[in-house]
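# Per-entry structural report
Residues per chain are reported as follows:
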Amino acid sequence: MFLYRTKRTLKLGIKSLWLHRLRSTLTALGIIFGVASVIAMLAIGEGASRDAMAQIARLGSLNIIVKTVQPPEDQHATGQQQSLQEYGLTYDDAERFRNSIPGVQVIVPVRRVAHQAWYRNRKIPVEVIGTVPWHLETSPIRLVMGRFLSNYDMDYKQDICVIDERVMNELFKFDDPRGQFIKIGSDYYSVVGIVSPQPIAVSSEQQKAKDAEASKKQAGANAGNVYIPLTTVKNRFGEMSVKISGQSGANVEKVELQEIIVKVANADLVLPTRDILQTVLERFHKKTDYELTVPLELLEQAKRTQRIFSIVLGSIAAISLLVGGIGIMNIMLATVSERTREIGIRRALGARKKDIIFQFLSETLLLTFAGGILGIFFGCTIPFFVTHFGNMPTVITAMSLLLSFGISGAVGIAFGMYPAYRAANMDPIESLRHE
Amino acid sequence: MDKLPARNLDFTADGSILVFEKLCKSYQLGAVELKVLREIDLVVKKGDYLAVMGPSGSGKSTLLNLIGCLDRPSNGKYYLGGHDVSTLDDNELSAIRGRHIGFVFQSFNLISQLNVLENIEVPMFYQGMSEHQSKVRARELAEMVGLGDRVHHRPSELSGGQQQRVAIARSLANDPLIILADEPTGNLDSQSGRDILNILDMLYQQGKTLIVITHDEDIAKHSQREIRLFDGRIDKQWYNR
C-alpha cells in the first residue's frame, strides 16, 4: 500500500517536473554544480594530501635526519677568512648517539662527496655516498640487482661500489654493469649492485622551493648516486674539501659526516629521541652546524595543512550546494502558489495534509536526487581532466560520493519542507476559489 | 486505508444521512461578529434530491463548505452518516470528505495535468484503493457518463459539458453518501446544462443522495425537495415531488 502510494506520488512528481522541463533543469543545475564541486574539490584536496604524505613517508617516518650545515657566522666571514674551517657532524657524534640514546635501532652515518665517475670514455658527475651496510634500512631505495655493501667491505675498505639506476643508465648504456670498474678520482671501484634511484622528497611548499633550488644546483652537478663503504670513502677522499671562490681564493673546509640518520623502534619514540639528539648535539657543538629533520613531524604538519585545505575547499563547495538548495526552494514556492487550485481540489477530494506534503516533497527530492546523480557524474569527470591535463593527482573517495549525495538529499528535504508545508496548510476553501 | 472516526449515533436507522442540529457559523470581522448561518436544523435522508436556493449573501456557500466538511461549524452539531463531524480534526475531515462526499463544482475543477481516467482516480487514490481496482472503476464511471471513448484526453481537450461529466464521474468514485453539487450548470450552455441535469436525475433514480446548491429556479425544479435560505436561516422548504 505504502509502496503503491509512493510509486503513484513519484510518477505524479515526474509528470509535473516533465511538464516544466526547462524550469526543472535550471533548478537542478544548482544541485548538479554543488555536488560536482564538492566531489571535485575533495578529490583534488585528497589527491594533493596523499601525494604529500607519500613523499614524506618516503623519508621514513621513524627516521630522524641530522644534517651538517655551514654555521651562519662563518658564512659572513668567508670574505676575510682563508683558513681551515672545521664544522659539522663527526664520527664521535655517531658514536655518541649509538652509546647514549635508548630506543635507537639503526644509526647510519653518511659522507657525501660530489665527484665525477668514469667508465671507459664516458664521464658523469655523481654524488659519492660513503655509507654503512645497513643504509637500506633507513632509506626508501631498494636493491634492484646484485648486492649492497657488506660488513666485509667496511672492515677491509674494499674498492667496491653500488650504483643507482640513473648512474647505470648514463654510464652503462648497453653493458651489464656488474663486475665492471668505474673510476672515481684516481681509483677504480668494482660495481657489485644496482639500487633504485633516490626519490626527491617533497614535504611542504617551503621544502619544495628549497628542493627545487637544490635540484637546479644538482642538475648540472650529479646524475645519480654511487654508494661506497664509509671507510673506503674516508680513506680515498679524506675530509677536506677545497672551494675556490672568485674573490677570496681557496677556502678549505673539513667536514667528517654530512648526515646521520637515526632510526627509532616506533613512532612514539621519534619526538623524545629528537629532543635527546638536540641536547647531545648542543653540548658538543659550539656552533649550530647541524640541522634536525623529523619526517614524522613534517607528516603531521602536512596532515594538518591538508585538513584545513580540505575544509576550506569543502566549505566553498558546500556553499554552492546551499545556493542550489535556495534556488530549489524558490522554485518550489513559485510552483506551490501556481498550483494553489490543484491543492484545493486534492484537499476537497480527500487528500490529507501529509499527502500534499509528500507530493511536493517528492518533487523536490526527485530534483535533488537527479541533480545529485548528475553531479556525481560530473564530479567524477572533473578530477579525471584535472589529472589528465593539470598533472595533479586526484583521489575520489567513496566517502566524498556518499557525503555529497547525502548533502544533496538533505538539501532536498531541508529546502523542500517549507514549500510543502505551505502547500499543505493552505485553506482548502480559499485555494478552491483561487484563480 | 484510512480509518474513519467511530460513529457516535446511529441516525442511519431511519435513513437519515445528514443531520444538522442548530448549526451556526459566524466569522469574526474585527470586533464585529458576522453570523452567516443561524441555527439551521436540517435532515437529509438517503435518496433525497435536495436543492438549496437563496440569494447571494444568504449563506449558501458557507452551507456548502460545512456540508462538504471543508469547514467546521461554530456551534451546533453536524452528523454525517452517523459520524459527528463537527469536532473532527483536519485528517479525519479529509478522510470523511474523500469517502463520503462527492464534489461537483461550478468550474469543474479537474486537474489539468491528468487525463480523464486519472482525474476520476484521484479520490480513489487518496482512499488507498489498488491501482487495478481504481482503473477498472474509473473506466466504468467514464462510460456511465458517456465518455468511454475519451478517457485519455486532458481536460483542456474536452468541452465544458464533458468536463462537468468527468467531474460527476469523479464525485461518484468512492460511492459517497452525498453528492454535493455547487451550481453544476453555472458555467455551461443550456444544452450541456440539460445534459448534466439529466445525469443528476439519473443518479437520483438510482437512489443516490444529491444536494444541489443553486440560485436557478429551473434547476431547483428538478429536485425532489427545495429549501430556501435567507439571511442565514431556512426561510421556506417544500417538496416538489
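This section reports on the structure supplied with the text.

### Things to note about the overall build of chain A
Each helix and strand in chain A was counted, giving 14 helices and 13 strands. Across the 435 residues in chain A, those meeting the buried criterion constitute 39%. By sequence separation, contacts in chain A at least 24 residues apart represent 83% of the contacts at least 6 residues apart.

### A word on the overall build of chain B
A tally of regular secondary structure across chain B gives 7 helices and 10 strands. Its C-alpha atoms give chain B a radius of gyration of 18 Å, within 12% of the compact-globule value 18 Å for 241 residues. Projected onto the principal axes, the alpha-carbon positions of chain B cover approximately 50 × 40 × 40 Å. By the burial criterion, 48% of the 241 residues in chain B qualify as buried. Counted over contacts in chain B with a minimum sequence separation of 6, partners at least 24 positions apart contribute 70%.

### Notes on the pairing of strand E4 (residues 75–80) of chain B
Residues and elements named next belong to chain B. Relative to E4, strand E1 (residues 16–29) is paired through 5 bridges, and the arrangement is antiparallel. Across the sheet, residue Glu21 finds its bridge partner in E4, namely Lys77. Inspection of the sheet shows E4 paired to strand E5 (residues 83–84) by 2 bridges, in the antiparallel sense. Looking at E5, one finds that Leu80 is bridged to His83. Between E4 and E5, which follow one another and run antiparallel, lie 2 residues, and Gly81 among them has a positive phi close to 55 degrees.

### Focus: the sheet that holds strand E3 (residues 49–53) of chain B
All names here are of chain B. Reading across the sheet, the 6 strands line up as E6-E7-E8-E3-E9-E10 and stay open at both edges, with mixed pairing between neighbours. Each of the sheet's edge strands pairs with one partner strand only, and the pair in question is strand E6 (101–104) and strand E10 (233–239). With strand direction ignored, the average angle separating the axes of adjacent strands in the sheet is 20 degrees.

### Here's the deal with the interface of chain B and chain A
Contact residues are listed per partner, giving 23 residues for chain B and 20 residues for chain A. No other element matches helix H2 (residues 90–100) of chain B, which puts 7 residues into the side of chain B that touches chain A.

### As for H2(B)
Residues separated by three or four positions in an α-helix point in the same direction, a consequence of the helix having 3.6 residues per turn. For H2(B), the tally of buried residues reaches 8 of 11 residues, placing the bulk of the element in the interior. The complete set of buried residues in H2(B) reads Leu93(B), Ser94(B), Ala95(B), Ile96(B), Arg97(B), Gly98(B), Arg99(B) and His100(B). Each element contacted by the buried residues of H2(B) is listed here: helix H11 (340–348) of chain A together with E4, E5, E6, helix H3 (116–126) and strand E7 (178–182) of chain B.

### Overview of the packing of helix H5 (residues 160–171) of chain B against helix H6 (residues 190–205) of chain B
Residue and element names in this part refer to chain B. Their axes nearest at 9 Å, the elements H5 and H6 cross at an angle of 20 degrees. Considering the angle they form, H5 stands roughly parallel to H6. Between H5 and H6 the crossing geometry is right-handed. Residue-level contacts link Gly160, Gly161, Gln164, Arg165 and Ile168 of H5 to Ser192, Asp195, Ile196 and Ile199 of H6. Of the residues contributing to the contact of H5 with H6, the split by class is 3 nonpolar, 4 polar and 2 charged.

### Comments concerning the sheet that holds strand E2 (residues 32–45) of chain B
Residues and elements named next belong to chain B. Strand order in the open sheet formed by 4 strands is E2-E1-E4-E5, and the pairing between neighbours is antiparallel. Only two strands of the sheet have a single partner each, and these edge strands are E2 and E5. Relative to the sheet, helix H1 (residues 60–67) contacts E1, E2 and E4, its axis offset from that of E1 by approximately 125 degrees.

### A closer look at the nonpolar core
The biggest cluster of nonpolar side chains holds 124 residues, and the ones touching the most others in it are Ile39(A), Val52(B), Ile120(B), Ala142(B), Leu180(B), Leu210(B) and Ile211(B). If one sorts the elements of this core by residue count, helix H2 (residues 21–59) of chain A sits on top with 17 residues. In this structure Ala142(B) touches Val116(B), Leu117(B), Ile120(B), Leu147(B), Gly148(B), Val151(B) and Ala169(B), once residues within four positions along its chain are discounted. With 48 residues, the next largest nonpolar core counts Val126(A), Val132(A), Val162(A) and Leu171(A) among its residues.

### A short note on the environment of Thr340(A)
All names here are of chain A. Relative to the helices and strands, Thr340 resides in helix H11. Owing to 17 C-beta atoms within 10 Å, Thr340 belongs among the partly exposed residues under this scheme. Along the sequence, Thr340 and Asp427 sit 87 residues apart, while their C-alpha atoms lie 9.8 Å from each other. Aside from chain neighbours lying at most four places away, what touches Thr340 is Met426, Ser431 and His434.

### A closer look at the environment of Met124(B)
Residues and elements named next belong to chain B. Checked against the element boundaries, Met124 lands in helix H3. Classification of Met124 as buried rests on a count of 23 C-beta atoms within 10 Å. Between the alpha carbons of Met124 and Asp182 there is a distance of 21 Å; along the sequence they are 58 residues apart. If we skip the residues at most four places from it in the chain, Met124 touches Met129, Ser134, Arg137, Ala173 and Asn174.

Basis of the calculations
- Residues numbered from 1 in each chain as written.
- Chains lettered and ligands numbered in written order.
- Predicted model: local features only at pLDDT ≥ 70, side-chain atom pairs only at ≥ 80, totals over all residues.
- Helix = DSSP H or I, 4+ residues; strand = E, 2+ residues; numbered from the N terminus.
- Buried ≥ 20, exposed ≤ 12 C-beta atoms within 10 Å, placed from the backbone.
- Contact = placed C-beta atoms within 7 Å.
- Rg over C-alpha atoms; globule rule 2.2 N^0.38 Å.
- Pairing = 2+ DSSP bridges.
- Axes fitted to C-alpha atoms, helices over the stretch in contact; angles between N-to-C directions.
- Parallel < 35°, antiparallel > 145°, perpendicular 65-115°, else oblique.
- Left-handed = near helix turned anticlockwise from the far one by under 90°.
- Nonpolar A, V, L, I, M, F, W, Y, C, P; charged D, E, K, R; others polar.
- Core = buried A, V, L, I, M, F, W, Y, C linked by C-beta atoms within 7 Å.

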